[in-house]
Amino acid sequence: MLNAKVKNYLHLHFLVFIAGFTAILGKEITIGSVDLVWYRMLIAGILMFLYIRIIKLKIEVDTKTKLKFFGAGIIIALHWITFFESINQSNVSIALAMFSTGAFFASFVEPLIYKRKIIWYEILFGVVVILGVFLITQSEIKYLNGILLGISSALFSTLFAVINGKFIETHRATVISYYEFISGVVFLSLFVLVFRGGFSSEFFILSSEDWIYIFILASICTAYAFIGAVNVMRHVSPYTVVLTYNLEPLYGIAIALLCYPETEIMSTQFYYGAFLVLATVLANGILKNYKSYKKRNTLTNKPN
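Parameters at a glance
- Residues numbered from 1 in each chain as written.
- Predicted model: local features only at pLDDT ≥ 70, side-chain atom pairs only at ≥ 80, totals over all residues.
- Heavy atoms only, no water.
- Phe/Tyr/Trp six-rings, centres within 6.5 Å; stacked < 30°, edge-to-face > 60°.
- Lys NZ or Arg CZ within 6 Å of the ring centre and 35° of its normal.
- Helix = DSSP H or I, 4+ residues; strand = E, 2+ residues; numbered from the N terminus.
- Salt bridge = Lys/Arg side-chain N within 4 Å of Asp/Glu carboxyl O.
- Buried < 20%, exposed > 50% of the residue type's maximum accessible area, 1.4 Å probe, protein only.
- 1 Å grid on protein atoms, 1.4 Å probe; cavity = no way out; pocket = protein on both sides within 12 Å on 5 of 7 lines; lining within 4 Å.
- Points joined across faces, edges and corners; volume = space filled by probe spheres on them.
- Nonpolar A, V, L, I, M, F, W, Y, C, P; charged D, E, K, R; others polar.

J.: I keep staring at the packing of aromatic side chains and nothing clicks. Help me out?
T.: The way to describe two aromatic rings as a pair is by their centre distance and the angle between their planes. For the structure shown, the criterion picks out 20 aromatic pairs. If you follow Lys-27 out to its NZ or CZ, it ends over the ring of Tyr-260, 5.1 Å from the centre. Positioned above the aromatic ring of Trp-80 is the side chain of Arg-40, whose terminal nitrogen or guanidinium carbon lies 3.8 Å from the ring centre.

Given below as structure tokens:
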């Protein structure tokens, strides 16, 4: 029998695999990116509400806090829209490689939000990431729109992660996500009403395959993945969680190569660039968590 630690570690890798599989579902679903994200956030919000009711969690927050959550919900909606649109206009490998540039954006966004100095090695890693993106762009210029959308997705994801990092200091993660999902639905509904003239009957007519894929995306890849991640973090160290989630693009690209070899096999220069980006993300995670671990040990062993 597996002990609890091994079970949670395997669960963590399963969650990362699910995160990588999200891109595959995005490629398979045939509706537009805005429509897809609307359905994803609506179904995930409903499932999250049911979960909240089951565990009898209080979700009341003041109006100011709700507005902050709503703003974050709009950001995550924009992240998902640009991510899926990047897949539509390029492929899974491009979208996931560009998504990895979020570590570069974090090196500038985090100091602004948390009011700390920029760390020298973050600048160095940022230069390496830029070089990796340059190699990818040079070799796959035909996918330029997808590359730009993927970079935009990474920026929105970074903003969302950093802002949520502030929220989690004082609020339950489940409550935060519930309000963010609902606000995303409201935002996208207003978008459809203003820029499309309202919801047409075609909006709600989907193929059976799309309904199945969207439900999997909203339930397993969104609601379940989030709840599972929160549970895993109670048993696995933050270092392990952060480092393992950095493997998401690797899992996603590997799955895409297996599922779509005719469209996902890229040039050699692409893989050089993707390797630089992914290696930098992993190195950044290892170095940051090592410094954090060393600092905690220093404080723990400090004499009274």
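Following the structure, the description resumes.
J.: Looking at this structure, I do not really get the environment of Ser-207. What am I missing?
T.: As for its position among the elements, Ser-207 is in the loop between α8 (173–195) and α9 (208–232). Each C-alpha atom of the pair Ser-207 and Ile-43 lies 17 Å from the other, and the pair is 164 residues apart in sequence.

J.: Explain the pattern of salt bridges here, please?
T.: Close approach of charged atoms allows side chains with opposite charge to pair. Evaluation of the coordinates by the stated rule reveals one salt bridge. When the shortest N-O distance is used, the salt bridge between Arg-196 and Asp-35 registers 2.8 Å. Taken as a pair, Arg-196 in the loop between α8 and α9 and Asp-35 in helix α2 (residues 33–55) lie far apart in primary sequence, 161 residues in all. Given a relative accessible area of 12%, Asp-35 falls into the buried group.

J.: Hey, could you run me through unusual backbone geometry in this one?
T.: Backbone phi values are negative for most residues with the exception of glycine, while trans is the configuration of most peptide bonds. Non-glycine residue Lys-56 carries a positive phi angle of around 55°. Mapping Lys-56 onto the fold places it in the loop between α2 and α3 (63–89).

J.: Help me understand the layout of surface pockets in this model?
T.: Over the atoms, a rolled probe matching the size of one water molecule traces out where space is still vacant. By volume, the second largest pocket is sized at about 210 Å³. Lining the second largest pocket we find Tyr-51, Ile-55, Ile-168, His-171, Arg-172, Ala-173, Thr-174, Phe-226, Ile-227, Val-230, Asn-231 and Arg-234. When contributions to the lining of the second largest pocket are tallied by element, the ones reaching two or more residues are α2, α8 and α9. With four residues, α9 is the largest single contributor of residues to the lining of the second largest pocket. Across the lining of the second largest pocket, the residue classes break down as seven nonpolar, three polar and two charged.

J.: Teacher, can you tell me more about empty space enclosed by the protein here?
T.: Scanning the entire structure with this criterion turns up one cavity of 30 Å³ or more. Residue lining of the largest cavity: Ala-103, Phe-104, Ser-107, Glu-122, Phe-125, Gly-126, Val-129, Thr-280, Val-281 and Asn-284, and that is the complete set. Contributions of two or more residues to the lining of the largest cavity are made by α5 (102–114), α6 (120–139) and α13 (268–300). Residue contributions to the lining of the largest cavity peak at four residues, all from α6. Its residues assigned to classes, the lining of the largest cavity comprises five nonpolar, four polar and one charged.

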